[in-house]
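Structural characterization, general
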Amino acid sequence: MWGFLKRPIVVTADINLSLVALTGMGLLSRLWRLTYPPAVVFDEVYYGQYISFYMKRIFFLDDSGPPFGHMVLALGGYLGGFDGHFLWNRIGAENALITQSRLMLLESVLIFFNLLAVLSYLKFFNCQKHSPFSLSWWFWLTLTGVACSCAVGIKYMGMFTYVLMLAVAAVHAWHLIGDQTLSNVCVFCHLLARAVALLVIPVVLYLLFFYVHLILLFRSGPHDQIMSSAFQASLEGGLARITQGQPLEVAFGSQVTLRNVFGKPVPCWLHSHQDTYPMIYENGRGSSHQQQVTCYPFKDVNNWWIVKNPGRHQLVVSSPPRPVRHGDMVQLVHGMTTRSLNTHDVAAPLSPHSQEVSCYIDYNISMPAQNLWRLEIVNRGSDTDVWKTILSEVRFVHVNTSAVLKLSGAHLPDWGYRQLEIVGEKLSRGYHESMVWNVEEHRYGASQEQRERERELHSPAQVDVSRNLSFMARFLELQWKMLVLRSDDSEHKYSSSPLEWVTLDTNIAYWLHPRTSAQIHLLGNIVIWISGSLALAIYALLSLWYLLRRRRNVHDLPQDAWLRWVLAGALCAGGWAVNYLPFFLMEKTLFLYHYLPALTFQILLLPVVLQHISDHLCRSQLQRSVFSALVVAWYSSACHVSHTLRPLTYGDKSLSPHELKALRWKDSWDILIRKH
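**Some thoughts on the overall build of the protein chain**
When its secondary structure is counted, the protein chain shows 19 helices and 14 strands. Dimensions of the protein chain, computed from C-alpha atoms along their principal axes, come out at roughly 105 × 75 × 65 Å. When each of the 676 residues of the protein chain is scored for burial, the buried share is 49%. Counting only carbon and sulfur atoms, one obtains 62% of the accessible surface of the protein chain, whose full area is about 33,600 Å². Between the mean site of the 56 positive side-chain charges and the mean site of the 48 negative ones, the protein chain shows a separation of 8 Å.

See the structure below:
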């Protein structure tokens, strides 16, 4: 009965020595002296700060893309014992892929998931031929969707590879639909499985990345003001500390601060002060000489306004409070000067096609007050909605002229203290977020006397609305800000154009030793770079030749070999195209590292083309031998170039000015040479 225990246990394993050797070389080249240099290198200054924010649970916003890549880096820091207390504020005064992968940057993580998605789909495609719906079939299909989601979750550039995988899968699904050997139910199950794995799972994972991101970063941080008041109030500290205990419903007599929802060029609040508009502007135009109304980008007591009932004189909240609803007429009285918000048929100081907005001063001239405004709740659920603190987005429409209170975004001259211009914009000119406001700070006014009211306005304001902002609301706002927010796109010393990437006419100096000439550059191996471009050109020409021949019913390749050739082109050449060509349409500052994902697909195409030439174009043993010798010579030259550029890849060797000049193989390469 127990005889099987006496039998020897045999374990077999297939080991690909080439793969093991390549893996070992890859790890060695990337981990060799990884702790050097002991300095912050190039964009590590940003990603290091983001990791610190994760450790401290402080909210931040990075417009470069979704948060998954940052969380991967933060996980590495956490596992390494990093507590977030390090000042990432000083930067230390193939080769490109090695350089990028040794640093705390996102491109290498993106490339990993791009390639994992391609590998997983190829594994799934092979399983489809032999064992559909098997455990391995499901594993590789699901892993394809997971890898695509992770790529998109690291940088929006990951969307390029995701779209490519969806296109390839769609073509294969189309052929599957035409397979008459499969029943309708079987075809439906195939399509449903692909939809779940390649559409549903990536979307769920993408949402999960943001959910974890927002769960981890619950504290107020330096990027709060970019977000809406409701989002800020959902964070611990900051605005949440100020708004805790505020009344939720705005009533007649409420004291409020009004924040512009648009938030550009900077977040700001409706503001006024004692100063008036100049009688005559520099261009000769006249003004009303009324009290200035501006948008001020800082918290200030002059940001407070009182929501007055036009039918009552009192500036306090009645008992019980009478809430303000959509469509109500209101007057906005400036808290510190008690003058009412007003607009009239006078041109704005910097926007002459719009109306000037002021606080009305009675000069006893033929310019009566026009200070009635109709409240419109933009995000209302019904026409009887109540104006709510933080949650309601409102417009103020002037009753007399139908102009809408709007932030123009222009900076006033010195007489306006460089604050932002507020204008009255005609409704007929369309809707824009710069016309929308929300109440940020709010209290029920209780003091009728002006001196008591001023003391009340100077005291800090104290309903917690964070529970009203759902995850989806925060996700949508954060996603929108990431898409529309753009950092300074001014020209950078090392910025470049996509055309310069293919010919390697550019580089990036990442780090320079503070005392010696040791330096690190993002600089490609020119042999690999040119070989990748040649492989792409050879693939395109051969494919065109084969297509023309097949049109004449001449089949140079067996059907299986042809299908493999087409699939390799779709994934490798297609991967290069979708990761490279979109940059020609982008209006942003671009760098050489943006080309690395496309370069990776080019490098993948190299062995495909070399193997194809050896198997199908070299027809004799002599031709194969000569071709093999050429491949060895090519590989040797690539290794030689890699070794020659090694000092610029690792930065662990100080070179003389003569040696540095010898490495400047192109005039456009910026190799740093110290002047002693």
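**Considerations on unusual backbone geometry**
In this model, K264 is joined to P265 through a cis peptide bond whose omega is 5°. Tracing the backbone through its elements, the reader meets P265 in the loop between strand 1 (254–260) and strand 2 (269–276). Backbone geometry at H289 places phi at a positive 60°, although glycine is not the residue there. As for its position among the elements, H289 is in the loop between strand 2 and strand 3 (291–296). Judged by its relative accessible area of 24%, H289 falls in the partly exposed class.

**Re helix 15 (residues 559–580)**
Here helix 15 contains 22 residues, and its C-alpha end-to-end distance of 30 Å stays within 8% of the 32 Å for a straight helix at 1.5 Å per residue. At G574, helix 15 shows its strongest bend, of approximately 30°.

**Side note on the nonpolar core**
Within soluble globular proteins, side chains that are nonpolar tend to cluster in buried spots. Of all hydrophobic cores here, the largest spans 124 residues; its most connected members are I508, Y510 and L596. The next biggest cluster of nonpolar side chains, apart from the first, holds 30 residues, and it includes Y277, L332, W373 and V394.

**Some points on the packing of aromatic side chains**
Aromatic ring pairs are described here by two measures, namely the spacing of the ring centres and the angle between the planes. Under the defined criterion, the tally for this structure stands at 36 aromatic pairs. Members of the aromatic cluster, joined through ring pairs, are F160, W501, W529, W576, Y580, F583, F584 and Y595. For the cation-ring pair, R443 lies above W304, with the distance from its terminal atom to the ring centre recorded as 4.4 Å. Sitting over the ring of Y650, R646 keeps its end group 4.9 Å from the ring centre.

**Remarks on a nonpolar patch on the surface**
On the surface, F188, L192, V196, L199, V200 and V204 cluster together into a nonpolar patch covering about 530 Å² of accessible area. Within the secondary structure, F188 is located in helix 8 (residues 184–216).

**Some remarks on the pattern of salt bridges**
If you walk through the whole model with that rule in mind, you get 13 salt bridges. Residues K493 and D670 are paired through a salt bridge, measuring 3.6 Å at the closest nitrogen-oxygen approach. Here D670 lies in the segment after helix 19 (657–662) and K493 lies in the loop between helix 12 (471–484) and helix 13 (498–502), a separation of 177 residues in the sequence. Given a relative accessible area of 62%, K493 falls into the exposed group. Exposure remark for D670: the relative accessible area of 24% places this residue in the partly exposed category. Connected through shared salt-bridge partners, R259, K299, E440 and E441 make up one network.

**Some words on the state of the cysteines**
As enumerated under the stated definition, the model contains one disulfide in all. There is a disulfide in this structure between C268 and C295, and the S-S distance comes to 2.2 Å. Taking the torsion about the sulfur-sulfur bond, which here is approximately 90°, the covalent link between C268 and C295 counts as right-handed. Highlighted residues: C268 in the loop between strand 1 and strand 2 and C295 in strand 3, separated in sequence by 27 residues. By the burial criterion, C268 is buried, and C295 matches it. Here C186 stays free of any disulfide, with the sulfur of C189 as its closest cysteine sulfur at 6.6 Å. A residue is classified by how much of its surface remains accessible, and C186, at 23% relative accessible area, is partly exposed.

**Comments concerning the confidence of the model for the protein chain**
Of the residues in the protein chain, 92% reach a pLDDT of 70 or more, and the chain-wide mean stands at 87. Every residue in residues 462–467 scores below 50 in pLDDT, and together they form 18 contacts with partners more than four places removed in sequence or on other chains.

**Some remarks on the side chain of T337**
Mapped onto the fold, T337 is located in the loop between strand 5 (329–334) and strand 6 (341–347). Among all residues touching T337, those that are not within four sequence positions of it are Q274 and Q291.

**Observations regarding the packing of helix 7 (residues 158–177) against helix 8**
Helix 8 packs onto helix 7 with a crossing angle of 170° between their chain directions and a minimal axis gap of 10 Å. Considering the angle they form, helix 7 stands roughly antiparallel to helix 8. Here Y162, L166, A169, A173, L176 and I177 of helix 7 lie close against helix 8, whose contacting residues are V187, H190, L191, R194, L198, L199 and P202. Its residues assigned to classes, the contact of helix 7 with helix 8 comprises 11 nonpolar, one polar and one charged.

Criteria and cut-off values
- Residues numbered from 1 in each chain as written.
- Predicted model: local features only at pLDDT ≥ 70, side-chain atom pairs only at ≥ 80, totals over all residues.
- Heavy atoms only, no water.
- Helix = DSSP H or I, 4+ residues; strand = E, 2+ residues; numbered from the N terminus.
- Buried < 20%, exposed > 50% of the residue type's maximum accessible area, 1.4 Å probe, protein only.
- Areas by Shrake-Rupley, 256 points an atom, 1.4 Å probe, with all protein chains shown as cover.
- Lys, Arg positive; Asp, Glu negative; His and termini not counted.
- Charge placed at Lys NZ, Arg CZ, Asp CG, Glu CD.
- Expected span 1.5 Å × (residues − 1).
- Bend = angle between axes of the 7 residues up to and from the residue.
- Core = buried A, V, L, I, M, F, W, Y, C linked by side-chain atoms within 4.5 Å.
- Phe/Tyr/Trp six-rings, centres within 6.5 Å; stacked < 30°, edge-to-face > 60°.
- Lys NZ or Arg CZ within 6 Å of the ring centre and 35° of its normal.
- Patch = residues over 30% accessible without salt bridge, like charges linked within 9 Å, V, L, I, M, F, W, Y side chains within 5 Å.
- Salt bridge = Lys/Arg side-chain N within 4 Å of Asp/Glu carboxyl O.
- Disulfide = S-S within 2.5 Å.
- pLDDT = per-residue confidence, 0-100.
- Contact = heavy atoms within 4.5 Å.
- Axes fitted to C-alpha atoms, helices over the stretch in contact; angles between N-to-C directions.
- Parallel < 35°, antiparallel > 145°, perpendicular 65-115°, else oblique.
- Nonpolar A, V, L, I, M, F, W, Y, C, P; charged D, E, K, R; others polar.

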